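Listed here are the chains, written in short residue letters.
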Amino acid sequence: PVAPRRELVESVVKEAYDKFRNEAKGKNADYIPYLAQVDSKLFGIAIVTTDNQVLTLGDVNYSFSIQSISKVFTLALAMEELGPDKTFERIGSEPTGRAFNSVPAVVDMPTHTGNPFVNAGAIATTSLISGKDANEKWDKILNFYNKVAGEKLTLIEEVYKSEAATNTGNKALSMLLAKYDRIYADPFESVDIYTKQCSVGVNASQLARMGATLANNGVNPASGEQVIKREDVPYILATMTMAGLYDSSGSWAWHVGLPAKSGVGGGIVAIAPGKGAIAVFAPPLDEAGNSVKAQEVIDYVAQKLNYNLYSPS
Ligand code: GLN
């Protein structure tokens with residue numbers, strides 16, 4: 001209801017697009033070979049409000065891999081199945097202050113899993129999803145994402161193959177979790193399902209709608225369906241604030257003040273609770289693995305529209 005006028009949002013988004021389109025900083029992720037080949041000039045911005053207004057600019061139809069942003073929605077599904085208390089007990093929610101794929105974090109942290117948004121905690125979260133076999137678990141996860149997006153999403157087969165052929169680090173993390181009794185299904189099966197969830201394709205508009213579902217207390221603004229439990233949303237947003245941008249979540253909270261989640265595919269989605277979500281896609285990443293342009297655009301738009309959650313005005 002407090003969403004600023006559409007013309008204002010349109011002009012701010014256009015300003016941000018023009019200001020940052022030629023930003024040359026950052027580099028595509030290359031530890032997943034497929035991602036290194038994605039056109040690094042791709043740049044799209046989408047906003048979806050809680051009353052389902054949609055605003056898009058740039059390459060918003062390009063389907064990129066959701067990567068770590070998937071962790072948000074698997075967490076939502078785990079909470080749906082187990083409730084927040086058991087989920088918290090099994091995964092925890094402490095920032096690690098380390099890279100998303102850190103091995104020392106698993107060894108050193110008292111919970112070992114850290115939180116649901118670092119790879120170790122995310123693989124453990126995926127392992128919580130129930131099902132008679134891997135296929136049933138995977139179908140359940142993808143169907144849940146579909147409901148959150150309000151449309152059918154598909155796995156990008158080439159991304160999955162590329163990551164599955166190179167994900168020795170994640171397999172190692174899963175074995176370490178097993179050593180500490182912090183994984184709740186077969187470790188390699190869980191890594192495989194996790195790799196699939198990371199390979200789901202979304203475009204900026206779909207990602208913004210998934211974010212808008214969180215902004216709208218779990219109700220997809222397009223379908224009107226309550227797809228994430230209302231009472232689970234604050235836990236998810238709190239976790240996004242603490243760990244959504246990995247080891248730069250602190251500086252993100254300091255500067256921008258919005259829960260957000262990034263993925264190494266180049267997407268970031270940020271949530272303005274009660275108002276809407278902004279998703280930006282641009283592949284080149286900074287050292288922490290967060291899209292440079294996406295951070296710049298969201299920071300700019302959030303400041304101009306006064307979206308900082310911690311701002312008194
Ligand atoms: N699939 C990626 C990985 O496990 C996700 C990481 C990310 O987006 N930060 O390494």
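Further up the page is the structure itself.
Quick caveat, the model's predicted, so the values are computed rather than measured.

**Q** Please explain the sheet that holds strand 6 (residues 260-262) as it appears in this structure.
**A** Note: strands within a sheet are paired through backbone hydrogen bonds, in either parallel or antiparallel orientation. One open sheet accounts for five strands, arranged 2-1-8-7-6; its pairing is antiparallel. Looking at which strands have only one partner, the edges of the open sheet turn out to be strand 2 (54-58) and strand 6. Averaged over neighbouring strand pairs, the angle between their axes works out to 10° when direction is ignored. Note that strand 1 (residues 44-49) and strand 8 (residues 276-281) share six bridges and pair antiparallel. Paired with Ile 45 across the two strands is Val 280, which belongs to strand 8. Relative to strand 2, helix 1 (residues 6-20) is tilted by about 20°, and along the sheet it contacts strand 1 and strand 2.

**Q** In this structure, what is going on with the environment of Ser 93? I would like to understand it.
**A** Relative to the helices and strands, Ser 93 resides in the loop between helix 4 (84-91) and helix 5 (103-108). With 20 C-beta atoms counted inside 10 Å, the residue Ser 93 sits in the buried group. Separated by 92 residues in the primary sequence, Ser 93 and Ala 185 place their C-alpha atoms 20 Å from one another. Setting aside anything within four residues of it in sequence, one finds Ser 93 in contact with Phe 88, Asn 115, Thr 239 and Met 242.

**Q** How should I be thinking about the site of the ligand in this particular structure?
**A** In the vicinity of the ligand, the residues found are Gln 67, Ser 68, Phe 100, Asn 101, Asn 119, Glu 163, Asn 170, Cys 198, Gly 263, Val 264 and Gly 289. Its residues placed into classes, the shell around the ligand shows three nonpolar, seven polar and one charged. When residues of the shell around the ligand are assigned to domains, at least three map to each of domain 1 (6-67 + 202-304) and domain 2 (85-198).

**Q** I would appreciate a short explanation of the nonpolar core in the present structure.
**A** Note on soluble globular proteins: their nonpolar side chains tend to be buried together. Residues Ala 208, Ala 277, Val 280 and Ile 298 are the most contacted members of the largest nonpolar core, which totals 86 residues. Each of domain 1 (6-67 + 202-304) and domain 2 (85-198) accounts for three or more of the residues forming this core. If we skip the residues at most four places from it in the chain, Val 280 touches Ile 45, Ala 204, Ile 268, Ser 291, Lys 293, Ala 294, Val 297 and Ile 298. Ranked by size, the runner-up nonpolar core spans eight residues in total, among them Leu 35, Ile 156, Val 159 and Val 264.

**Q** I would appreciate a short explanation of the environment of Asn 203 in the present structure.
**A** As for its placement among the helices and strands, Asn 203 is situated in the loop between strand 5 (200-202) and helix 11 (204-215). Asn 203 sits in the buried class, given 21 other C-beta atoms within 10 Å. Taking the C-alpha atoms as reference points, Asn 203 and Ser 130, 73 residues apart in sequence, are found 28 Å from one another. Ignoring sequence-local partners within four residues, the contact set of Asn 203 consists of Val 60, Asn 61, Tyr 62 and Ser 63.

So, how was this worked out
- Positions within a chain are numbered from 1, following the residues in the order the chain's sequence is written.
- Restriction of local features to residues with pLDDT of at least 70 applies here, the model being predicted, together with a cutoff of 80 or more for giving and counting side-chain atom pairs; totals for whole chains, interfaces and linings are based on all residues.
- Note: two strands are recorded as paired if DSSP finds a minimum of 2 bridges between them.
- Starting at the N terminus, helices and strands are each numbered in turn, a helix being any DSSP run of H or I of at least four residues and a strand any DSSP run of E of at least two.
- Between the N-to-C directions of two axes lies an angle of 0 to 180 degrees, each axis being a line fitted to C-alpha atoms and, for a helix, fitted only over the stretch in contact.
- Note on contacts: residues are paired as contacts if their backbone-placed C-beta atoms lie within 7 Å.
- Three exposure classes are used, all based on how many other C-beta atoms lie within 10 Å of a residue's own C-beta (placed from the backbone): buried at 20 or more, exposed at 12 or fewer, and partly exposed between those limits.
- Using a C-beta atom placed from the backbone for every residue, we mark a residue as near a molecule or strand if that atom lies within 6 Å of it.
- Charged means Asp, Glu, Lys or Arg here, nonpolar means Ala, Val, Leu, Ile, Met, Phe, Trp, Tyr, Cys or Pro, and polar covers whatever is left, Gly included.
- For each domain, the first and last residues come from an automatic or database assignment.
- The nonpolar core criterion groups buried Ala, Val, Leu, Ile, Met, Phe, Trp, Tyr and Cys residues into a set whenever they are joined through C-beta atoms within 7 Å.

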